Amino acid sequence: MNRSSTSPTEPRLVPATPRGQRTRQRLLQAAQTVFGANGYEHASIADITREAEVALGTFYVYFPDKQSIFVEVVDELGARLRRLIAEAVEGREDRMDVEREGLRTFFQFVGENRDLYRIVRQAEFVDKACFRRYYDHFAQGYVTGLKQAMDAGQVRRMDPEALAYCLMGLSDFLGMRWVLWGEGEGGVERVLDTAMDFIRHGMDTRPAGAVTESGKGPSKARAPRSKSR
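> I would appreciate a short explanation of the packing of aromatic side chains in the present structure.
Aromatic rings in a pair are described by how distant their centres are and how their planes are angled relative to each other. Overall, the coordinates contain nine aromatic pairs when judged by the stated rule. Where F106 meets F107, the ring centres are 6.4 Å apart and the plane angle is 50 degrees; that geometry is what we call tilted. With a relative accessible area of 8%, F106 lands in the buried category. Since its relative accessible area comes to 4%, F107 is described here as buried. Summarising the aromatic geometry, the rings of F131 and Y135 are spaced 5.4 Å apart at their centres and angled 75 degrees between planes, so their arrangement reads as edge-to-face. Taken together, the positions of F131 and Y135, both in helix α7 (residues 128–151) and four residues apart, correspond to about one turn of that helix. According to the relative accessible area criterion, Y135 is partly exposed, its value standing at 24%. The rings of F35, Y40 and F70 are connected pair by pair, giving a single aromatic cluster. Lying across the ring of Y40, K66 places its NZ or CZ 4.3 Å from the centre. When the ring centre of W178 is taken as origin, the NZ or CZ atom of R177, which lies over that ring, is 4.5 Å away.

As structure tokens, then:
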């Protein structure tokens, strides 16, 4: 386990016939279900083919081993999520609208793919390159959008990659708490409102310049001491 990753740049076997394409996709969907339910270690190729309702030997027509299909499941989950968010925010010019709709779409995706967290987190131990790729690809698009918003004067200038990962972390934990674990009081809309209020205004109520880097307030200049005569 944890051998080098199947690179996404390497050509993957794409069946020539529609029937073969459907079978391959059915295997991927079955693998997502099995990995989500059983975990990578306890999932078997037999479990996947049973879930997909295909013969065991059919698996090897499309995938060489269990790790290969797992890597593709993670890559496909990431690609689907990025595509859905891109479609949801298409045509929106205000960055705050983009953030809200992107977050809403992420919540919807988590609700429809409740095994997302378990599968992606297993990737760190199954295939570290795949695990990092999932986040790197997401961050790349995020950074591009944030840079454009900074150029347009909609977001103040700061490190766009650091900001992208801050916002990704916010989305990740909110989705876990209010979608995966349950909405709780007020539901998802309340969480969206709180997240957007934080993104727009931060959480420090003190005016800009009122806090030093140490967070203890502005430093006071000392009056010069008079020389003793």
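Back to the text.
> Explain the environment of D159 here, please?
Note that D159 resides in the loop between α7 and α8 (160–180). Residues D159 and L146, spaced 13 residues apart in sequence, show a C-alpha to C-alpha distance of 9.6 Å.

> When you look at the nonpolar core in this model, what are you seeing that I'm missing?
Note that soluble globular proteins tend to have their nonpolar side chains buried in a common cluster. Core analysis: the largest hydrophobic core is formed by 62 residues, its most contacted members being L27, F35, I48, I69, F70, F107 and L116. Considering each element in turn, this core owes the most residues, 10 residues, to α7. Not counting chain neighbours up to four residues away, the residues in contact with I69 comprise L27, L28, A31, F35, I48, F59 and F63.

Thresholds, definitions, all that
Residues numbered from 1 in each chain as written. Predicted model: local features only at pLDDT ≥ 70, side-chain atom pairs only at ≥ 80, totals over all residues. Heavy atoms only, no water. Phe/Tyr/Trp six-rings, centres within 6.5 Å; stacked < 30°, edge-to-face > 60°. Buried < 20%, exposed > 50% of the residue type's maximum accessible area, 1.4 Å probe, protein only. Helix = DSSP H or I, 4+ residues; strand = E, 2+ residues; numbered from the N terminus. Lys NZ or Arg CZ within 6 Å of the ring centre and 35° of its normal. Core = buried A, V, L, I, M, F, W, Y, C linked by side-chain atoms within 4.5 Å. Contact = heavy atoms within 4.5 Å.

These figures come from the coordinates and say nothing about function on their own.
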